[in-house]
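Now for the letters of each chain:
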Amino acid sequence: MRSIAEFALEQEGTDIPTFRANAEAWARHVTLATAPPGAPEDDAGTRKGRREWEAVRRFVRDYCQSSGKRAVAVTADLRQVIWVFIRNISQAFTHDEEIDGRLHVQMSRLET
């Protein structure tokens, strides 16, 4: 949990500092049997060291799914930017070739 907090990836709808604090709270819950995040702190005393393993798994699974979706979206955006860049470069070279052709014609006329 602490490694997930330390190396947190961007996720949809969650800022990294908030996520890190939540992951740290889950780490405390697992290691010290504190109340899980979102539960009242006095709940830890009545729980007598029980840990909410299903909730821990759900937290990790949700993080993996959310960061995976974010990575897919960022990759798709990056691909789109790369293609726009390639298209613009291609158009610029095509435009330069047209200008070069016209200059060549003009130079030929001047030589004649």
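The structure we're discussing is the one just above.
A brief structural summary. Bear in mind the structure is a predicted one, so any value in this text is a computation, not a measurement.

### Quick look at the side chain of Ser66
Here is step 1: Tracing the chain through its elements places Ser66 in helix H4 (residues 53–111).
Here is step 2: Looking at Ser66, the relative accessible area reads 15%, which means it is buried.
Here is step 3: Residue contacts for Ser66: discarding those within four places in its chain leaves Gln11 and Glu12.

### Side note on the nonpolar core
Here is step 1: If you look at the biggest cluster of nonpolar residues, it comprises ten residues: Ile4, Ala5, Ala8, Phe19, Ala23, Trp26, Ala55, Val56, Phe59 and Tyr63.
Here is step 2: Contributions of two or more residues to this core are made by helix H1 (2–6), helix H2 (16–32) and H4.
Here is step 3: Top element by residues in this core is H4. It accounts for four residues.
Here is step 4: Sequence-distant contacts of Ile4, that is, excluding residues within four places in its chain, are made with Phe19, Val60 and Tyr63.

### Notes on the packing of aromatic side chains
Here is step 1: On inspection of all chains with the given rule, the structure shows three aromatic pairs.
Here is step 2: When the centroid spacing of 4.8 Å and the interplanar angle of 20° are considered together, the rings of Phe19 and Tyr63 count as stacked. Separated by 44 residues along the polypeptide, Phe19 in helix H2 and Tyr63 in helix H4 bring together distant segments of the chain. For the residue pair Phe19 and Tyr63, the accessibility class agrees, reading buried in each case.
Here is step 3: Here a set of aromatic residues connected by ring pairs shows up, and it is made of Phe19, Trp26, Phe59 and Tyr63.

### Quick look at H2
Here is step 1: Taking 1.5 Å per residue, 17 residues should reach 24 Å; H2 reaches 24 Å between its end C-alpha atoms and fits that length.
Here is step 2: Along H2, the residues that are buried comprise Phe19, Ala23, Ala25, Trp26, Ala27 and His29.
Here is step 3: Downstream of H2 by a residue or two, Ala33 has a phi angle that is positive, lying close to 60°.

### Observations regarding a nonpolar patch on the surface
Here is step 1: A cluster of nonpolar residues, Leu78, Ile82, Trp83, Phe85, Ile86, Ile89 and Phe93, forms a patch on the protein surface that exposes about 740 Å² of accessible area.
Here is step 2: For Leu78, the position within the fold is in helix H4.

What counts as what
- Residues numbered from 1 in each chain as written.
- Predicted model: local features only at pLDDT ≥ 70, side-chain atom pairs only at ≥ 80, totals over all residues.
- Heavy atoms only, no water.
- Helix = DSSP H or I, 4+ residues; strand = E, 2+ residues; numbered from the N terminus.
- Buried < 20%, exposed > 50% of the residue type's maximum accessible area, 1.4 Å probe, protein only.
- Contact = heavy atoms within 4.5 Å.
- Core = buried A, V, L, I, M, F, W, Y, C linked by side-chain atoms within 4.5 Å.
- Phe/Tyr/Trp six-rings, centres within 6.5 Å; stacked < 30°, edge-to-face > 60°.
- Expected span 1.5 Å × (residues − 1).
- Patch = residues over 30% accessible without salt bridge, like charges linked within 9 Å, V, L, I, M, F, W, Y side chains within 5 Å.
- Areas by Shrake-Rupley, 256 points an atom, 1.4 Å probe, with all protein chains shown as cover.
- Salt bridge = Lys/Arg side-chain N within 4 Å of Asp/Glu carboxyl O.

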